[in-house]
Structure formats: C-alpha cells, structure tokens
Amino acid sequence: MYKNLAAALAAACFSLLPHTFSLAQTAPKTAPVKAAFVYVSPVADAGWTHQHEKGRQEMLTALGDKVQSTFVENVAEGADSERVIRDLAKAGNQIIFTPSFGYMEPTLRVAQEFPDVKFESITGYKRTANVSTANARYYEGRYLSGVLAGRMSKTGVAGFVAGFPIPEVMQGVNAFALGMRSVNPKAVVKVIWLDVWFDPPKERDAAMALFNEGVDVISFQTASTAIMAAAQERGKYAIGFHSNMHKVGPEAQLVAVTHQWGQYYTRRVQAVANGDWKSQDVWGGVREGMIRLDGFNSKIPLVVREEVAAREKDMIAGKLHPFHAGKQPIRDNEGVVRIAAGQSLSDMQILQMDWLTEGVQAPRRK
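These numbers were taken from a predicted model, which means no experiment stands behind them.

In terms of helices and strands, the chain carries 11 helices and 15 strands. Expressed as lengths along the three principal axes of its C-alpha atoms, the size of the chain is roughly 105 × 45 × 40 Å. Per-residue burial for the chain yields a buried fraction of 49% across its 366 residues.

Here you go:
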C-alpha cells in the first residue's frame, strides 16, 4: 500500500511541476511608467533646459525598461504650455515634469482635470494632492563661487548680469557677494538687470559694459552662454551657471554652479511605479547633491581649491550658512541691518528676499 501511495504522490508532483513553471514564465511583465517633460527652450549644449534633459537621461539609465519617457521642447509659458501639458496627460503619461516657473499655473489647471496623473512643478511653489514642487538652493553654489571669485579677482570688482530682481536672483547676487566679501571685505559686485531671461546680444552687451568698468570676474543668471563667450573674448573670468560651460569659455570659466536633477527624477518616477508617490515640496542644495560645482579652471591654485572644498564640506555638515551673520550684522546696500549679529535667515525669509547686501551696486528699481 505504501508503495502505491508513494508512486501516486510522485506522479502528482510530476504533473504539477511543469504547470507551475509555465505560470512563472508567462507572468505578465509590469508596464513601464510613462513620464513626460516639458521644456521652455530648445535642448542645447548648455543651460537650463540642457541640465534638465541631462537629468532625464540619467533617470532613463537608472530605471531602464521600468520607464518610458518623452519630452516637448521650446514650449512658451502661458497658453502654449497649458495645451502641451494637457495633450501629454491625454496621451496617458502618468507623471509630467514641468521645469519652468511660468508653467506653474498651467500645470495646476491641467492637474485639476486629470486627478490620477502626477505633476512635478519644478521651481513652482503651489501644491495640490497631485502636484508636487521642487527647486534647488542655487544660492549655496553662488556663495562658494563667490569665495573663489574673491580669491581670483585682481581688481576686487565683480559683475553680475541677471534677468529680473526676483527673490531667487536676489539670493544669488547676495550669496555671491557675501562669499566674495568673506575673503575680501572690500569687494564690490556691480549688477545689471536685463528685464529678460534670454537675449544673447543684450547679455553680451551687458557683460562688455561691466568689463569696461573694471570687472575682471563676472557671474550671471540668464539663459544663454553669451556672457561666458564674452569673458573668453575679453580675457576675463566668468562663473558658469546651470551647466558646465567649459567648452564655451575654456580659459574664462572659473567654475560652474550646476544643478543636478537625475536622482530626483529617478526617485519620483520610481515612486509612481511603487504606488507611493505623494505630493511634497523639495528644496535641495549641496548636501542633497542637487547643487554642485563643476569645471574648475586649471589656473586656480591648489590652496584656493582646498579652501573652497573646505567651505563646501562645512556647508554639507550644516556648519556654514550663506545667510548667517557672525559677530557683525549683515546690512543691505542702504545700511539697514537685515541679519542681526549671530543670526541666520529662515527659509521663509530667504524665499521672500527683496534686498541687496552691502557691497552690491545696482540700479534702483521703481
């Protein structure tokens, strides 16, 4: 009897094994997450859009066949962007990244129509259940580049060309000036407002005007590489922004303050795949790897490189805050105390910044 039972069990197991194996082989493969990106300008070799496309490519490499991604470039803010974002949502994209401040309101409007789609408003500040926000602490890189500029400038006079005097730009100008004055208390930063983000001829003219006023190192927050090219032409130094601009100014670029999006994009798409995506606000800097200094000029002395690296290490450790006053208060360029001695600005105060620090020379705004 036991012999017959054993034979029956063996036969049963044998008949089940192929069936189990077949199920494993034919299990449906998880469909990739569909992720779309909307870009405010063409994808170029450097600049804002280039850096976000670089982040998208890094995300594709990290996730492989877990993601299917597309992008639409050169989309104007306003009605055009709303139409494009809506079309991408209709096309079945599960998460849509909109990296431009002017896309914030269009993103919110489309998000109301598609509550099951996740949206990432990059540089925006308004959130809903399916709209998340993220930005980078560019001012941290500005401060470190200011330390470098202060050491490398021979005249002690730097320039800064910027689009508009919004808080983010004010943060950058002030952090750059404070970094520079931390190593040269008499340093001056001359600012020109362009009232436009992208206008290469106008950017170039502003840079040339500053060089004519004794500026020997220039920083900027505009969208093209025109200022870096102007510095290369005039034999001056420049701080690259958004992305590494060494190819444009191989002798001119002191360093580039870059923002890194690959890890963030990867995490957010993976969260959609995992089913645990939640609306959140992220403001990451050097510590989080979202701000990085790239493309150091080979002419920088080792001792200066080490000094900048030490400041960066302190920033990562939380020991250095660009908007912290030491024994003396920090005043604006009209003499008003803005940061009391021994105090630091809160994130909210930084986000609302509407003043320029001592040592900054800029035209009065009406």
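Turning next to the sheet that holds strand E6 (residues 157-162). Strand order in the open sheet formed by seven strands is E12-E10-E9-E8-E6-E7-E15, and the pairing between neighbours is mixed. Every other strand in the sheet has two partners, leaving strand E12 (291-294) and strand E15 (360-361) as the edge strands with one partner each. Strands in contact with helix H6 (residues 167-181) are E6, strand E7 (188-193), strand E8 (217-221), strand E9 (237-242) and E15; relative to E6, the strand with the most contacts, it is inclined by about 170°. The strands touched by helix H7 (residues 200-212) are E6, E7 and E8; relative to E6, the strand with the most contacts, the crossing angle is about 165°.

Counting 91 residues, the largest nonpolar core has Val189, Ile218, Trp261, Val269 and Phe323 as the members making the most contacts within it. Leaving out residues up to four positions away in the same chain, Ile218 has contacts with Gly159, Phe160, Val161, Ala207, Leu210, Phe211, Ile227, Tyr237, Ala238 and Ile239. Grouped together as the second largest cluster of nonpolar side chains are 17 residues, Ala36, Ile96, Met104 and Val110 included.

On to the packing of helix H5 (residues 138-152) against H6. The packing of two helices is summarised by the inter-axis angle and the distance between the axes. Their axes nearest at 6 Å, the elements H5 and H6 cross at an angle of 30°. The way H5 lies across H6 gives a crossing that is right-handed. Facing Tyr138, Tyr139, Arg142, Tyr143, Ser145, Gly146, Val147, Ala149 and Gly150 of H5, the residues of H6 in contact are Glu168, Gln171, Gly172, Ala175, Phe176, Leu178, Gly179 and Met180. The residue makeup of the contact of H5 with H6, split by class, is nine nonpolar, six polar and two charged.

Attention now moves to the side chain of Asn297. Turning to its location among the elements, Asn297 is positioned in the loop between E12 and helix H10 (302-316). A polar contact of 2.8 Å, which involves the side chain of Asn297, links it to the backbone nitrogen of Lys299. Setting aside residues up to four positions removed in sequence, Asn297 forms contacts with Tyr237, Pro250, Glu251, Ala252, Gln253 and Leu254.

Let's shift gears to the pairing of strand E1 (residues 33-38). With five of its six residues buried, E1 lies for the most part within the structure. Bridge analysis of E1 against strand E2 (residues 67-72) gives six bridges, and the strand direction is parallel. Paired with Phe37 across the two strands is Phe71, which belongs to E2.

Glancing now at the pairing of E9. In terms of burial, E9 is largely enclosed, as six of its six residues are buried. The pairing of E8 with E9 spans two bridges and is classified as parallel. In the strand pairing of E9, Val217 is matched with Tyr237. You can see the chain leave E8, run along helix H8 (residues 226-234) and come back into E9, and the turn it takes is right-handed. The pairing of E9 with strand E10 (residues 253-259) spans five bridges and is parallel. The partner of Ile239 across the bridge, within E10, is Val255.

Attention now goes to H10. The terminal C-alpha atoms of H10, which comprises 15 residues, lie 21 Å apart, in line with the 21 Å expected from a rise of 1.5 Å per residue. Buried within H10 we find Val304, Glu307, Val308, Arg311 and Met315. Projected down its long axis, H10 carries its buried residues within an arc of 95°, all on one side. Among the exposed residues of H10, those oriented more than 90 degrees off its buried face are Leu302, Val303 and Lys313. On its buried side, H10 packs onto H5 and E12.

In this section: the environment of Gln361. One can find Gln361 in strand E15. Expressed as a C-alpha distance, the spacing of Gln361 and Ser41, which sit 320 residues apart in the sequence, is 31 Å. For Gln361, the contacting residues outside a window of four places in its chain are Val188, Val189, Lys190 and Val191.

Attention shifts here to the confidence of the model for the chain. The predicted structure's coordinates, where accompanied by low pLDDT, should not be read in detail. Averaged over all residues, the pLDDT of the chain equals 92, while 92% of them reach at least 70. Throughout residues 1-24 the model reports pLDDT below 50, and contacts reaching past four residues in sequence, or to other chains, amount to zero contacts.

What follows deals with the sheet that holds strand E5 (residues 131-136). Sheet architecture is open: six strands sit in the order E2-E1-E3-E4-E5-E11, paired in parallel fashion. Looking at which strands have only one partner, the edges of the open sheet turn out to be E2 and strand E11 (281-284). With strand direction ignored, the average angle separating the axes of adjacent strands in the sheet is 15°. Those strands touched by helix H4 (residues 104-113) are strand E3 (95-99), strand E4 (118-122) and E5, and its axis lies near 170° from that of E4.

Next up on the list: unusual backbone geometry. Backbone geometry at Asn74 places phi at a positive 55°, although glycine is not the residue there. Mapping Asn74 onto the fold places it in the loop between E2 and helix H3 (79-90). Overall, Asn74 belongs to the exposed group, its relative accessible area being 53%. Notably, His242 is not glycine yet its phi reads approximately 75°, a positive angle. The exposure class assigned to His242 is buried, which follows from its relative accessible area of 8%.

Reading guide: rules and limits
Residues numbered from 1 in each chain as written. Predicted model: local features only at pLDDT ≥ 70, side-chain atom pairs only at ≥ 80, totals over all residues. Heavy atoms only, no water. Helix = DSSP H or I, 4+ residues; strand = E, 2+ residues; numbered from the N terminus. Buried < 20%, exposed > 50% of the residue type's maximum accessible area, 1.4 Å probe, protein only. Pairing = 2+ DSSP bridges. Contact = heavy atoms within 4.5 Å. Axes fitted to C-alpha atoms, helices over the stretch in contact; angles between N-to-C directions. Core = buried A, V, L, I, M, F, W, Y, C linked by side-chain atoms within 4.5 Å. Left-handed = near helix turned anticlockwise from the far one by under 90°. Nonpolar A, V, L, I, M, F, W, Y, C, P; charged D, E, K, R; others polar. Polar contact = N/O pair within 3.5 Å; in protein donor to acceptor, adjacent residues only side chain to side chain. Right-handed = clockwise from strand over helix to strand, strands pointing away. Expected span 1.5 Å × (residues − 1). Arc of directions from axis to C-beta. pLDDT = per-residue confidence, 0-100.

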